[in-house]
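# Breakdown of the fold
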Amino acid sequence: MTRATLGATLLALVATGSPAQAREFRLGLITPPTHLWTQAAIAFGDELEVASDGSHRLAVFPARQLGTEAQLLQLLQTGALDFAILTISEITNRMPQFGAFYAPYLVADVGAAAELLRGDVAREMLLSMPEEIGVFGVGYGMAGMRQILGRDTIRTAADIRGKKVRITPFVPIRDFYQLLGAAPTPMPLASVYDALANGQIDAIDMDLEVIWKLKYYDYAETLVLSNHMMFPCVGVISGKTWLALEEDERKLVSRLLRKHLDRVMSAYVEKEREWETAIREAGVALIEVGPEFFGTTLQEWEAIWAERTPTLATLRAEAAANASQATTP
Ligand code: BEZ
C-alpha cells in the first residue's frame, strides 16, 4: 500500500469507528525488563486493566522478543501488534524530520529535553505519523542524554578519532561520529556488552541508565559526560488497532500510555545523578565536557541537517525560548 492510500484508508476508517470488545493487546519494545521503558509498559498495562474493569489486558514483549524496531513497525502496520514504544531512531529512518531531535546540544540537560518533548512542536510532529507510517503517535518518553563511554582513557576528541564507536543504527548519530572522525559502528543494544568485553568496539554512545543497569562500565575506563544529544522514544498505536477501538477507548489507551511515558521522563530527571554517582563509584573516570569538546563537528552536523529538515529550526527556536524563560527571573 502506498503512503497516500494507507493514510486515506486510516482517515476514512477513523470516521466510522467500530464496536467495543474485550481485548488482549500486545505491546513490543526492544529494552530489557529492568529498563524504565519496559517498566512503564507494564504499568500502562496494569492501569489499562483496572480502568477497563478487567476487559482489556496487555501482554508486554520486551528485549526484542518480537524483533527489531523495524520488524515491530511492520507488525504494527499489519495489525499483528497493537502498541510499541520505539526509539525515535527507527522513526527517523522513515521520517527524517524526527532527526532534528538529535541535534547536538539542542537542549542543555535532561530537564530541558523533557520540556521540549512536552511542547507544541514535538506534539505537532506526531500528527503526520498515521499518514506517513500507518501508526498513531500518542506521546513521548526518553532515555536521558547521550554520553560516551570508552574502554580506554579519553581526554579530548582526538582520543576518539579513528576509534570504533558503537551507535544506535540511524543516520543522525552516524553523521555525528563520522564528522568527528570516528568509525561509527551500528549495533543493537543486545550486542553491546559482548562487543565491549571482547574489544570489537572502543567506545559506545549511550545513556547513564543503560550504562549502569547493563553494567557496560565493567569494561570502561572513561565516561565522557557530554550530554551531547537527547534520546526520545515515542509510544505508538497500530493504525489498525486504533480503527477497531471506540472513541472512549482510544482516549483511554492514549491517555494512559502518554501518562506512563511522561513519568519515564520525570524519572530520568530524578535519577540521572544517582546513576552518574554509581558509575563513578564503580571506578570509571568521569570527564565533564561541553560543546567545545566536539569542535567544528557541531556546525558541520547542523549544516547537513538544517538542509534535510526545516523542523530543526523550529525545534531550536522552541528550545531557545524555553531556555530563556528558565533564566528570566
Ligand atoms: C540505544 O540503542 O542506545 C538505546 C535504545 C533504547 C533505549 C536506550 C538506548
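Preceding this section is the structure that the text describes.
As the structure is a computational prediction, the values presented were derived from the model and not from experiment.

### Section: the nonpolar core
The biggest cluster of nonpolar side chains holds 111 residues, and the ones touching the most others in it are Phe 101, Met 129 and Tyr 140. Considering each element in turn, this core owes the most residues, eleven residues, to helix 12 (residues 247–281). Setting aside its immediate chain neighbours within four residues, Phe 101 contacts Ile 88, Leu 106, Leu 117, Ala 122, Met 125, Tyr 140, Met 230, Pro 232 and Leu 315.

### Some thoughts on the sheet that holds strand 1 (residues 23–28)
Each strand in a sheet pairs with another by means of backbone hydrogen bonds, the pair being arranged parallel or else antiparallel. Taken together, five strands build an open sheet; the order of strands is 2-1-3-10-4 and the sheet is mixed. The sheet is open, and its two borders are formed by strand 2 (56–61) and strand 4 (135–145), each paired with just one other strand. Each strand axis lies, on average, 20° off the axis of its neighbour in the sheet, ignoring direction. Sheet topology places strand 4 next to strand 10 (residues 230–238); eight bridges connect them, and they run antiparallel. Across the sheet, the residue bridging to Met 142 is Pro 232, located in strand 10. Where helix 5 (residues 110–117) meets the sheet, it contacts strand 4 and strand 10, and its direction lies at approximately 170° from that of strand 4.

### A word on the packing of aromatic side chains
Applying the stated criterion across every chain yields a total of 15 aromatic pairs. With a centroid separation of 4.5 Å and an interplanar angle of 70°, the aromatic rings of Tyr 102 and Phe 170 are classed as edge-to-face. Here Tyr 102 is found in the loop between helix 4 (88–94) and helix 5, whereas its partner Phe 170 is found in the loop between strand 6 (164–167) and helix 8 (171–180), with 68 residues between them in sequence. Side by side, Tyr 102 and Phe 170 carry an identical accessibility label, which is buried. Note on Trp 212 and Tyr 217: the rings are 5.0 Å apart at their centroids and 20° apart in plane angle, and the pair reads as stacked. Members of the aromatic cluster, each reached through a chain of ring pairs, are Tyr 105, Phe 176, Tyr 177, Phe 293 and Phe 294. The positively charged end of Arg 146 is found above the aromatic ring belonging to Phe 231, 4.0 Å away from the centroid. Over the ring of Trp 305 we find Arg 308, and its NZ or CZ is 4.7 Å from the ring centre.

### Side note on the sheet that holds strand 11 (residues 285–288)
Spatially, the six strands line up as an open sheet ordered 7-6-8-5-9-11, and their pairing is mixed. Here the strands that pair on one side only, and so sit at the sheet edges, are strand 7 (183–186) and strand 11. Between one strand and the next, the sheet's axes are offset by a mean angle of 25°, whatever the strand orientation. Both strand 5 (residues 147–150) and strand 9 (residues 222–225) contribute to a ladder of three bridges, which runs antiparallel. Across the sheet, the residue bridging to Ile 148 is Val 224, located in strand 9. Sheet contacts for helix 9 (residues 189–197): strand 5, strand 6 and strand 8 (203–206); angle to strand 8, the most-contacted strand, approximately 150°.

### A short note on the pattern of salt bridges
Per the stated rule, a full pass over the model turns up 16 salt bridges. Asp 205 is the salt-bridge partner of Arg 146, the closest N and O atoms lying 2.7 Å from each other. Pair noted here: Arg 146 is in the loop between strand 4 and strand 5 and Asp 205 is in strand 8, with a separation of 59 residues, a long-range link. Given the relative accessible area of 1%, Arg 146 is considered buried. Residue class for Asp 205 comes out buried when judged on its relative accessible area of 0%. Linking Glu 247 and Arg 250 is a salt bridge whose minimum nitrogen-to-oxygen distance equals 3.1 Å.

### Observations regarding unusual backbone geometry
Within the chain, Arg 64 stands out as a residue other than glycine whose phi angle is a positive 60°. The topology assignment puts Arg 64 in the loop between strand 2 and helix 3 (69–78). Unusually for a residue other than glycine, Lys 215 sits at a positive phi of about 60°. In this structure, Lys 215 sits in the loop between helix 10 (208–213) and strand 9.

### Thoughts on the environment of Arg 161
If you trace the backbone, Arg 161 turns up in the loop between strand 5 and strand 6. A relative accessible area of 48% places Arg 161 in the partly exposed class. Arg 161 sits 81 residues away from Ala 80 along the chain, and the two C-alpha atoms are 43 Å apart. The contact partners of Arg 161, leaving out residues within four places of it in the chain, are Leu 180, Gly 181 and Ala 182. A polar contact is formed between the side chain of Arg 161 and the backbone oxygen of Leu 180, at a distance of 3.3 Å.

Rules of the game
Residues numbered from 1 in each chain as written. Predicted model: local features only at pLDDT ≥ 70, side-chain atom pairs only at ≥ 80, totals over all residues. Heavy atoms only, no water. Core = buried A, V, L, I, M, F, W, Y, C linked by side-chain atoms within 4.5 Å. Buried < 20%, exposed > 50% of the residue type's maximum accessible area, 1.4 Å probe, protein only. Helix = DSSP H or I, 4+ residues; strand = E, 2+ residues; numbered from the N terminus. Contact = heavy atoms within 4.5 Å. Pairing = 2+ DSSP bridges. Axes fitted to C-alpha atoms, helices over the stretch in contact; angles between N-to-C directions. Phe/Tyr/Trp six-rings, centres within 6.5 Å; stacked < 30°, edge-to-face > 60°. Lys NZ or Arg CZ within 6 Å of the ring centre and 35° of its normal. Salt bridge = Lys/Arg side-chain N within 4 Å of Asp/Glu carboxyl O. Polar contact = N/O pair within 3.5 Å; in protein donor to acceptor, adjacent residues only side chain to side chain.

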